[in-house]
Amino acid sequence: MEKVNDKTDFFKYVDSFAKDDGVGSLLIKGEMSSVIPAVTIAIPTYKRPEFINCAINSALAQENFDNYEVIVVDNDPERGTETEKIVCAIDNPKLRYYKNAGNLGMFGNMNRCIKLARTQWIAYLHDDDILSPEFLNRIFGVLRRFDKICMLCSRHNMVVYDGKDYKDAPKALYHKFEGGFCKMRLKDFSHYYPVRSTGCVFQREKAISLGGFNSDFYPTSDYVFSAIYSYNYRCYDYNCYLYNYRIGLNESANPETYKKTFLNDYYLQLAIEKKYGRGSSFITKTVEANTLRNRVRLNIYGITSLDFANEIITGTVKKIHIIYNDAVMICGRGRKILCFIISKLLLGVK
């Protein structure tokens, strides 16, 4: 895997499914129904028995929507594990449980979920997150009305682990305007992360056509995938809080992993600006300013030094770049809130 840098072509097609063609997946529990439902809730997992039961039960507890299946794809090939015992003890005809013959890595396993799903639509659920009982009912209430949508991403309540227990993170501004949706653009990804893989429903065939999740961009392969998907297809941010997202106990929260995330985000955002023909030194400095602005997020993971970011901070970022970056952020959020309000009032998207 080559290191991501300013020469990386994030938009080049790569068939990431082919990387793991030689590794099989064994069906451990459940049967393949002859009737293909509308959507698959896919739960990729690896050695997370402490949370997997809650995740699966939240997926199986969907209310007012029954046309779905749940697949759990275990990246741990060892048999008889605690995870296997927990999953096999759940008696529900909607559930299928697979074990990969070898560890495919985080994003290889997410690609395997896509291949094992049979449905038009797929929704990921991280093995430590929890879906609202109304998740599918609310999502498909929108999709049935607006059939041109190819990806619909709900919003999340953040839960932070402080070493002892979980607590709710501060509510986002968008809570005050709940309801409505807003089209996601590639340029949105150049300043912030508008979507997470959990709580997001997308079309299987379109994901396959894009090559899936490219593990060369680890640990931000899902971020890159979502950006590319929104560039090629109609994607919308749905201002409805339909899942709980945990921070603090997964690989993404590892400080060393997050440092890579920090750097990868910078290079992707730079590439997006260049794709719009905005490759000037001013824009480069503005992306650097955005990188520095995000240093607040690092405190969550115990990262207090930015020494590792010296390779991308090429000099003193002047205040004008920070002001410009903040202005773009304010305009972007203003646009999103306006779209939420208009679509809620005029189109009845609730």
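Up top you'll find the structure we're talking about.
Undergrad: Is there a simple way to think about the pattern of salt bridges in this case?
TA: Should the charged atoms of two oppositely charged side chains come close, the side chains can pair. Enumeration over the complete set of coordinates arrives at 17 salt bridges. Across the pair Glu50 and Arg48 runs a salt bridge, and its minimum N-O distance is 4.0 Å. Assessed through its relative accessible area of 11%, Arg48 is described here as buried. Across the pair Glu205 and Arg204 runs a salt bridge, and its minimum N-O distance is 2.9 Å. For Glu205, a relative accessible area of 53% translates into the label exposed. Residue Arg204 is classed as buried on the basis of its relative accessible area, which comes to 13%. Residues participating in the shared-partner salt-bridge network are Arg48, Glu50, Asp127 and Asp128.

Undergrad: Any chance you could explain the environment of Glu273 here in plain terms?
TA: Its place among the elements puts Glu273 in helix H7 (residues 255–275). Classification of Glu273 as buried rests on a relative accessible area of 5%. Residues Glu273 and Thr220, spaced 53 residues apart in sequence, show a C-alpha to C-alpha distance of 18 Å. Among residues more than four places away in sequence, those in contact with Glu273 are Ser190, His191, Arg278, Gly279, Ile283 and Val287.

Undergrad: Looking at this structure, I do not really get the pairing of strand S11 (residues 235–247). What am I missing?
TA: Moving residue by residue along a regular strand, the side chains alternate between the two faces of the sheet. Along S11, 12 of the 13 residues are buried, which leaves the element largely enclosed by surrounding structure. Relative to S11, strand S6 (residues 130–131) runs antiparallel, the two sharing 2 bridges. By the bridge assignment for S11, Leu131 is matched with Tyr243. Both strand S9 (residues 181–183) and S11 contribute to a ladder of 3 bridges, which runs antiparallel.

Undergrad: Can you walk me through the side chain of Ser154 in this structure?
TA: Examined against the element boundaries, Ser154 turns out to sit in strand S7 (residues 151–161). On the basis of relative accessible area, Ser154 is assigned to the buried category, the value being 7%. A distance of 2.8 Å separates a polar side-chain atom of Ser154 from the backbone oxygen of Gly199. With sequence-adjacent residues up to four places away left out, Ser154 is seen in contact with Phe135, Ile139, Gly199, Tyr238, Cys240, Leu242 and Tyr243.

The rules behind each value
The numbering scheme is per chain: residues are counted from 1 as the chain's sequence reads. At least 70 in pLDDT is required for a residue's local features to be given in this predicted model, at least 80 for side-chain atom pairs to be given and counted, and no such filter applies to totals for whole chains, interfaces and linings, which use all residues. Each side-chain value is worked out from all heavy atoms of the structure, with water and hydrogens disregarded. Salt bridge, as applied in this entry: a Lys or Arg side-chain nitrogen positioned within 4 Å of an Asp or Glu carboxyl oxygen. Here the term buried applies to any residue with accessible area under 20% of the maximum for its type, exposed to any over 50%, and partly exposed to those in between, with areas from a 1.4 Å probe on protein chains only. Think of it this way: any DSSP run of H or I at least four residues long counts as a helix, any run of E at least two long counts as a strand, and we number them from the N terminus. Contact definition: two residues touch when any of their heavy atoms are within 4.5 Å. For two strands to pair, DSSP has to find at least two bridges joining them. Counting of polar contacts relies on pairs of N or O atoms within 3.5 Å, with two restrictions inside protein: one atom must be capable of donating a hydrogen and the other of accepting it, and residues adjacent in sequence are counted only when both atoms are side-chain atoms.

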